[in-house]
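Chain residues, written in single-letter form:
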Amino acid sequence: MKSLGGSESGKKAEKAAAAEVKTEEKPVEKIDFSNVKIEPLFEEMIDFDTFAKSDYRAVKIEACEVVPKSKKLLKFTLNDGTDRKRTILSGIHEYYEPEELIGRTAIAIVNLPPRKMMGIDSEGMLISAVHEEDGHEGLNLLMVDDRIPAGAKLY
């Protein structure tokens, strides 16, 4: 008597076919880091309480625009999980165009005191990774999976 689910060999063949589909991914691009310089790690240690005072949050980039009369600054309007929009200015225009950042999820420190830049209050700091490559500074804004909700705390 056969089971209602079909033959065992049929089920095995279906599983094998599904496994083949999953493994057909694009090859990972190798990156050459041999010409990259990074800043040395700090030798000075901080205690956990000092670290814990920084409030890192996932933020959704709702709008991004060039700050008039500035070559470097981008003005971000962010959803930080609260009922108000947060404005952060960042000097990363050399590395990013505003339209490519809208809708992305980034990481920001949200408990810094506001700082006026070009007459606009910046209410935090976006986190970026900086390095030197072939004598030029490189910068990558830390962006995370867009499934992470605005306001999610980082530990």
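The preceding data block contains the structure.
Residues numbered from 1 in each chain as written. Predicted model: local features only at pLDDT ≥ 70, side-chain atom pairs only at ≥ 80, totals over all residues. Heavy atoms only, no water.

S.K.: Lay out the environment of Ala152 in plain terms, naming residues and giving numbers.
M.R.: Within the secondary structure layout, Ala152 lies in the segment after strand E11 (143-144). Given the relative accessible area of 23%, Ala152 is considered partly exposed. In this structure the C-alpha to C-alpha distance between Ala152 and Arg57, which are 95 residues apart in sequence, comes to 5.5 Å. (Helix = DSSP H or I, 4+ residues; strand = E, 2+ residues; numbered from the N terminus. Buried < 20%, exposed > 50% of the residue type's maximum accessible area, 1.4 Å probe, protein only.)

S.K.: Report on the environment of Ser122, specifying residues and quantitative values.
M.R.: Residue position: Ser122 is located in strand E7 (residues 120-122). As a C-alpha pair, Ser122 and Leu89 span 33 residues in sequence and 5.3 Å in three-dimensional space. If we skip the residues at most four places from it in the chain, Ser122 touches Thr87, Ile88, Leu89, Pro113, Pro114, Arg115 and Met117. (Contact = heavy atoms within 4.5 Å.)

S.K.: Run through the pattern of salt bridges, naming residues and quoting values.
M.R.: Taken as a whole, this structure holds 7 salt bridges when the rule is applied. Where Glu62 meets Lys85, a salt bridge forms, and the shortest distance between an N and an O atom there is 3.1 Å. In this pair, Glu62 is assigned in strand E2 (residues 56-66) and Lys85 in strand E4 (residues 85-90), connecting sequence segments 23 residues apart. When the shortest N-O distance is used, the salt bridge between Asp121 and Lys116 registers 3.4 Å. Take Lys116: its relative accessible area is 58%, and that puts it in the exposed class. Beyond isolated ion pairs, a larger network of salt bridges with shared partners links Asp55, Arg57 and Lys153. (Salt bridge = Lys/Arg side-chain N within 4 Å of Asp/Glu carboxyl O.)

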